[in-house]
Amino acid sequence: MNKIFLIFIASIFIFPIYGMESTISDANIDVIIDYPEVVTQGNEFVLSSIVKTKADQMSNITISISSPEIEISQNQFNIQNLPKDSTLGNNFNMKIKPDSPDGKVLANVSAEYFIKGFFDEKPVKNTLTKAIEFNVQSKPILLLDFDTPDSVFVGEPFFVKGTVKNQGYNAQDIKITVDSDQMTIESKKVYSLTNLEAGKTENFEFILQTPKDLTIPSDITLNISTSYHDEEGKKYAIDDVVKVFARQRGILEIGNAEGIWVGNFFIAPVVGVGTIVSSVIGFLIFVWHIKNKKKQKRK
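Just so you know, these numbers come straight off a predicted model, no measurement behind them.

**Observations regarding the pairing of strand β4 (residues 44–53)**
With 8 of 10 residues buried, β4 lies mostly within the body of the structure. Relative to β4, strand β2 (residues 29–35) is paired through 6 bridges, and the arrangement is antiparallel. Among the inter-strand pairings, Asp34 is bridged to a residue of β4, identified as Ser48. Bridging between β4 and strand β8 (residues 87–96) involves 9 bridges; their strand directions are antiparallel. Across the sheet, the residue bridging to Val46 is Asn93, located in β8.

Encoded structure:
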């Protein structure tokens, strides 16, 4: 009953898992630390700890956290006794000091416990320590990653997909726009997002189309502009560039336009209609020959 009760208590104290996780462990104990991926000065956040014992006769377990850059309302958590294979959780309420600069802040986490072995006269003290790193940011920092086709057919829709991740503080009114100085890009060209919290990632997608009257194969430069604001209304901007190769689809081509360059030659995985028709005719001739041979054998 004790183990069941302790596991139940752990589920009450543990907050949802944050973006970062760190583990302190040895043969006798595991301590899992969860905390936000991004924190900001002056705002309170929670660091959660889960203690799991892997041995008998463990007592007086103490988890401590310290850092000169962090205010911690209660920086120690003590467990008098915890049976083997039991878990217990605790939350530490923390706040980065307002005068701390943006960047990395270190905190020292220690796990101290006593364990009595079979041949020990009294419990032996063990201490484990580990430094964890907090990413402190006072403004949004957006990182974008794009997935674009190498080549497309002119006048036909194609996709530009990507992800936007906020490695800074909360961002608002995010707008991603695609355009080109070479020609008019048709279809969906703007992606909007009301809010992107610190440490979060969102997927986006554009459905674009080059003009149908493009007769000469061309490398098209797509300009991708991103604008966003912080919670105080200050505006930020990012400019990215991606390229696609656009060409006309052949009369007898079926398939997509993506391919590779081999020297001065472009090879695309398209299939000609003539090739398909020839293959079908060849298969029918093969079947006719098989049937004809069977008839001759019967005669």
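Moving on, there is more to tell.
**Let's talk about the sheet that holds strand β12 (residues 151–153)**
Across a sheet, strands are paired by hydrogen bonds formed along the backbone, either parallel or antiparallel in direction. Read from one edge to the other, the open sheet built from 5 strands follows the order β12-β19-β18-β14-β16, with strand pairing classed as mixed. Each edge of the open sheet carries a strand with a single partner, namely β12 and β16 (190–196). Each strand of the sheet is rotated relative to its neighbour by a mean of 30°, with strand direction disregarded.

**Topic: the nonpolar core**
The tendency in soluble globular proteins is for nonpolar side chains to be buried as a group. Membership of the largest hydrophobic core comes to 33 residues, with the highest contact counts inside it found for Leu47, Ile61, Ile63, Met94 and Phe134. At the level of secondary structure, the elements contributing two or more residues to this core comprise β2, β4, β5 (58–66), β6 (70–72), β7 (76–81), β8, β9 (103–115) and β10 (124–136). The element best represented in this core is β9, accounting for 6 residues. Every residue in contact with Met94, bar those within four places of it in the chain, is listed here: Asn43, Glu44, Phe45, Leu47, Ile65, Ile70, Glu71, Ile72 and Phe134. With 30 residues, the next largest nonpolar core counts Leu196, Phe204, Ile220 and Leu222 among its residues.

Cut-offs used in this document
Residues numbered from 1 in each chain as written. Predicted model: local features only at pLDDT ≥ 70, side-chain atom pairs only at ≥ 80, totals over all residues. Heavy atoms only, no water. Buried < 20%, exposed > 50% of the residue type's maximum accessible area, 1.4 Å probe, protein only. Helix = DSSP H or I, 4+ residues; strand = E, 2+ residues; numbered from the N terminus. Pairing = 2+ DSSP bridges. Axes fitted to C-alpha atoms, helices over the stretch in contact; angles between N-to-C directions. Core = buried A, V, L, I, M, F, W, Y, C linked by side-chain atoms within 4.5 Å. Contact = heavy atoms within 4.5 Å.

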